[in-house]
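An overview of the molecular structure
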Amino acid sequence: MNFDPSLPNPQNLQPRSGDPGIISMAEALIVRMIVMGSGGPENAEITEQGLRFVRHLMANSRACRSGFIPNFKNIDCVREVAKDFIRQCGSASRALQTMYQVI
């Protein structure tokens with residue numbers, strides 16, 4: 001009897017960095033951290049970790065160095081900043097790793 005169970009390929013178990021679900025989850029976490037650091041549209045309480053992350057974003061942004069500060073009170077602008085951060089990092093997982101290192 002030839003019994004050879006098919007084991008899943010470990011590469012197929014790991015999520016791809018371009019997976020839309022992972023990118024949207026990373027974007028949501030980054031947006032949440034930006035809101036925690038800027039007060040966001042709801043003028044929520046600012047946390048130390050969130051403020052540290054917002055400062056990191058502003059220090060590494062070309063636009064901020066040129067004198068253009070994003071409107072963190074507009075949620076669409078916050079989402080664009082999060083997407084740009086993911087793009088700069090190269091992948092959603094690397095962006096999350098960078099965010100957690102900063103905070």
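The structure contained in this document is the topic of the report that follows. Every value quoted in this text rests on a predicted model; they were computed, and no experiment measured them.

Take the overall build of the chain next. Looking only at helices and strands, one finds 6 helices and 0 strands in the chain. Counting from the amino terminus, helix and strand elements in the chain follow one another as α-α-α-α-α-α. Residue burial in the chain is summarised as follows: out of 103 residues, 29% are buried. Surface summary for the chain: the accessible area is close to 7300 Å², and the carbon and sulfur share equals 52%.

Moving on: the packing of helix α3 (residues 48-59) against helix α6 (residues 92-102). Relative placement of two packed helices is described by the angle separating their axes and the distance separating the axes. Where α3 meets α6, the closest approach of the two axes is 9 Å, and the angle between their N-to-C directions is 120 degrees. Considering their axes alone, α3 and α6 lie oblique with respect to each other. The crossing of α3 and α6 is right-handed. Between α3, through Arg52, Phe53 and His56, and α6, the contact on the second element is made entirely by Thr98, Met99 and Val102. By residue class, the composition of the contact of α3 with α6 is 3 nonpolar, 2 polar and 1 charged.

Here Glu27 lies in helix α2 (residues 20-38). If we ignore the near neighbours within four places in the chain, the residues touching Glu27 are Arg79, Ala82, Lys83 and Ile86.

If you check the backbone angles, Asn43 has positive phi at about 55 degrees while not being a glycine. Position of Asn43 among the secondary structure elements: in the loop between α2 and α3. What makes Asn43 exposed here is its relative accessible area of 58%.

Within soluble globular proteins, side chains that are nonpolar tend to cluster in buried spots. Residues Ile30, Ile34, Phe53 and Phe85 are the most contacted members of the largest nonpolar core, which totals 21 residues. Counting only elements with at least two residues in this core, the list comes to α2, α3, α5 (75-89) and α6. Non-local contacts of Ile30, meaning those with residues more than four positions away in its chain, are made with Phe53, Ala82, Phe85, Ile86, Ala95, Leu96 and Met99.

Calculation notes
Residues numbered from 1 in each chain as written. Predicted model: local features only at pLDDT ≥ 70, side-chain atom pairs only at ≥ 80, totals over all residues. Heavy atoms only, no water. Helix = DSSP H or I, 4+ residues; strand = E, 2+ residues; numbered from the N terminus. Buried < 20%, exposed > 50% of the residue type's maximum accessible area, 1.4 Å probe, protein only. Areas by Shrake-Rupley, 256 points an atom, 1.4 Å probe, with all protein chains shown as cover. Axes fitted to C-alpha atoms, helices over the stretch in contact; angles between N-to-C directions. Parallel < 35°, antiparallel > 145°, perpendicular 65-115°, else oblique. Left-handed = near helix turned anticlockwise from the far one by under 90°. Contact = heavy atoms within 4.5 Å. Nonpolar A, V, L, I, M, F, W, Y, C, P; charged D, E, K, R; others polar. Core = buried A, V, L, I, M, F, W, Y, C linked by side-chain atoms within 4.5 Å.

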